[in-house]
Amino acid sequence: MHIPANEKTKGSIGYDILSKMPKDAVLVNTARKEVINEAEMVKLMEERADFSYISDIAPVNKDVFAEKFEGRFFFTPKKMGAQTLEANVNAGVAGAEQIAAFINNGDATYKVN
């Protein structure tokens, strides 16, 4: 699942949607954690031992997930959704171009401080 977090999507992934997932389903969340209704996710996972959850960011109540759903819940310690080879190359190229623009003609458009 990869959707933006906005007023329409925050908390929108909850029990009603998740309960329709097939047996042995694994939800892979590369969206923001705010789109998950955590209380409803916990309820579903308590009811369905076949359901697993993987996220590239820890939920607010990560201790609850870790204690109750060991082996069915995994998360990375930091947001990984944008950590692709292409994204990293593009960031490196953009940084190099900005440094060159500053050195060559004093362009400080992306000045940090």
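Sequence order sets the numbering: in each chain, residues are counted from 1 along the sequence as written. Where local features are concerned, this predicted model is filtered to residues with pLDDT of at least 70; where side-chain atom pairs are given and counted, the filter is 80 or more; whole-chain, interface and lining totals use all residues. Based on all heavy atoms of the structure, the side-chain values leave hydrogens and waters out of the count.

Asker: Explain helix H4 (residues 85-105) to me, and be specific about the residues and the numbers.
Answerer: Counted at 1.5 Å a residue, the expected span for H4 with its 21 residues is 30 Å, and the 30 Å between its end C-alpha atoms agrees. Two residues or fewer after H4 comes Gly106, characterised by a positive phi angle close to 70 degrees. Numbering of helices and strands runs from the N terminus; a helix is a DSSP stretch of H or I covering at least four residues, while a strand is a stretch of E covering at least two. Given a helix with a known number of residues, its expected span is that number minus one, times 1.5 Å.

Asker: An account of helix H2 (residues 38-47) is needed here, citing residue identities and associated values.
Answerer: Throughout this description, buried means an accessible area under 20% of the type-specific maximum (1.4 Å probe, protein chains only), exposed means over 50%, and partly exposed covers the range between. Here H2 has its buried residues at Glu38, Met41, Val42, Leu44 and Met45. Down the axis of H2, the buried set is contained in an arc of 165 degrees. They therefore lie on one face. It is the directions from the helix axis to the C-beta atoms that the arc portrays.

Asker: Before we move on, can you summarise a nonpolar patch on the surface with the specific residues and values?
Answerer: Within this analysis, patches are made of residues with over 30% relative accessible area and no salt bridge. Like charges are joined at 9 Å or less; nonpolar side chains (Val, Leu, Ile, Met, Phe, Trp, Tyr) at 5 Å or less. Each accessible area value is a Shrake-Rupley result obtained with a 1.4 Å probe; residue values ignore everything except the protein chains displayed when judging cover. A carboxyl oxygen of Asp or Glu within 4 Å of a side-chain nitrogen of Lys or Arg is what we treat as a salt bridge. There is a patch of nonpolar side chains on the surface, built from Val26, Val28, Ile54 and Phe74 and spanning about 310 Å² of accessible area. Position of Ile54 among the secondary structure elements: in strand E2 (residues 52-55).

Asker: So what's going on with the side chain of Ser52? Residues and values would help.
Answerer: Its location among the elements puts Ser52 in strand E2. You can call Ser52 buried: its relative accessible area is 15%. Only heavy atoms matter for contacts: two residues are in contact if any of them lie within 4.5 Å across the pair. When sequence neighbours within four positions are dropped, the list of residues in contact with Ser52 reads Ala25, Val26, Leu27, Met45 and Arg72.

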